[in-house]
Amino acid sequence: MHPIQRMSLLSTLGLTLALPTLSVSAAAADDSALITRGQFIKQITDELKLTPLNKQTVLPSDVSSDSPYANTVRIMRERRILQGYSDGTFRLDQAVSPAEASLILGRFLGLADSKASTVLKSDYSVDFSGQTAGITLDTAGAAIKKALANDPSVSSWLVADPTSPTDLKTFRGHMEMGMHILLHPNAGSPLNNLQTTVKSDISYNKDQGLHQSITTVAPGSDMVMKTINMEQYMVSQGTFMSMPNATNDGIEWFDMSKQVPFTFEQVMELQKKSMDISKTLVTPYFFYKDLGTTEKDGQKQRKVSIRGKLTNTADIVKTLSGLGGSQDAFKEVLNSPAIAGMSVSLSAVLTVDEQTKLPVSMDGDYIVEYGEDPNIPIEQVDMTMSMTYQDVNQPIDIQLPEEAKKAKPVPVPVPAPTPAQ
């Protein structure tokens, strides 16, 4: 992938990514009442009414095809929640430990393993820390219902009121993003991970386009950290990016329209329907929770968490088509080597103005895992993003500079022909 294409995709991804207490304290129960790994994961798949995408998914050595847990295990593997132990087993009859239960629920919610227990306790009042021997069936069921559910209050609150000015027409925003890139051991890099930070000032006009001023701090080919300043426009004419030229004494514009997977019109279509949280769309991929209201500068603000995980191309195609595109429109992009096999986890908190329902800020963690394509050196990208919005629905003019209009298209690489067999 061309370096400029990679930067353009990362910046586009950053934009797209920008939306009674349960007690589970220790119970006095004998070991026979403790829930097993098999029972726990089956409770989840039953609760969410999940079915495997492929009933031919390879099962672990200790799960037979006629096992009542066979489809549940297939779902866990397809969604990259559990892959089994290193010896090829799933150990379904083994009692699920509190740590395992937290990790499993956390992975469905798109949480990093290191944050699962903390977030479950703080945002869902689910705390397994006192369950040293194991977890009872009732406790597990209550925790699943609490964590893996959409708050009805969020659904009713976010449904658009025709009299409420909820249409996001324009905004200015400031985004800060940190990326931790893990490389495959065979990537040929002297380092096994890279740290990158991105700061961006964004202008948006739904009728004109997007403009970003981007400052990236990343290691160069010599592994020395370098600061690169760029601009990017995504407008009806296409996607254009400026970067320092080869001699570093000026800038050069590139027409990236053929490299960026989505046109401006497609992004607008996604944005238009991104707040549609009907259960037919988001369940069982994303889970919405009402985190309550606060007051700032005399205005009430509501916080909503959006958490979930897309684990394969089929899920991504289904979700994108549900958001307003057609499956055919996205299949070519999503079946490309850079995308196929990718999974994306999202754990974000969106703050909105309670009266207008317009965004105030968003803080999110993202985990992007890549497939096994040998041409992709990246194994995983962990991102933390913070976005604040200003000048919402105020006059903002976005016009493509004349220099950008003169930019030559960056050619799309032509794959080498496959040798005859």
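As a reminder, the structure under discussion sits directly above these lines.
Residues numbered from 1 in each chain as written. Predicted model: local features only at pLDDT ≥ 70, side-chain atom pairs only at ≥ 80, totals over all residues. Heavy atoms only, no water.

### Describing the packing of helix H2 (residues 37-48) against helix H4 (residues 98-108)
Part 1 of the argument: In the contact formed by H2 and H4, the axes pass within 11 Å of each other and the chain directions differ by 25 degrees. It follows that H2 is roughly parallel to H4 by the angle criterion. The handedness of the crossing between H2 and H4 is right-handed. Counting all contacts with H2, which are made through Arg37, Phe40, Ile41, Ile44 and Leu48, the residues of H4 involved are Glu100, Ala101, Ile104, Leu105 and Phe108.
Part 2 of the argument: Classifying every residue of the contact of H2 with H4 gives eight nonpolar, no polar and two charged. (Axes fitted to C-alpha atoms, helices over the stretch in contact; angles between N-to-C directions. Helix = DSSP H or I, 4+ residues; strand = E, 2+ residues; numbered from the N terminus. Parallel < 35°, antiparallel > 145°, perpendicular 65-115°, else oblique. Left-handed = near helix turned anticlockwise from the far one by under 90°. Contact = heavy atoms within 4.5 Å. Nonpolar A, V, L, I, M, F, W, Y, C, P; charged D, E, K, R; others polar.)

### Here's the deal with the nonpolar core
Part 1 of the argument: Core analysis: the largest hydrophobic core is formed by 48 residues, its most contacted members being Phe171 and Val381.
Part 2 of the argument: Core analysis: the second largest hydrophobic core is formed by 36 residues, Leu48, Leu50, Tyr124 and Ala147 among them. (Core = buried A, V, L, I, M, F, W, Y, C linked by side-chain atoms within 4.5 Å. Buried < 20%, exposed > 50% of the residue type's maximum accessible area, 1.4 Å probe, protein only.)

### Structural notes on helix H6 (residues 137-147)
Part 1 of the argument: Buried within H6 we find Thr139, Ala140, Gly141, Ala143, Ile144 and Ala147.
Part 2 of the argument: Those residues of H6 that are buried lie in contact with H2, H4 and helix H5 (116-124).

### Some details on the pattern of salt bridges
Part 1 of the argument: Tallied over the entire structure, the rule returns 14 salt bridges.
Part 2 of the argument: With its nearest N and O atoms 2.8 Å apart, the salt bridge here joins Arg37 to Glu100. You can see Arg37 sitting in helix H2 and its partner Glu100 sitting in helix H4, a full 63 residues away along the chain. Each member of the pair, Arg37 as well as Glu100, is classed as buried.
Part 3 of the argument: Its salt-bridge partner being Lys121, residue Asp127 comes within 3.7 Å of it at the nearest N-O pair.
Part 4 of the argument: With relative accessibility at 24%, the residue Asp127 sits in the partly exposed group.
Part 5 of the argument: Three or more residues joined by partner-sharing salt bridges are found here, namely Asp290, Arg302 and Glu354. (Salt bridge = Lys/Arg side-chain N within 4 Å of Asp/Glu carboxyl O.)

Everything listed here is a matter of coordinates, which is why it stays silent on function.
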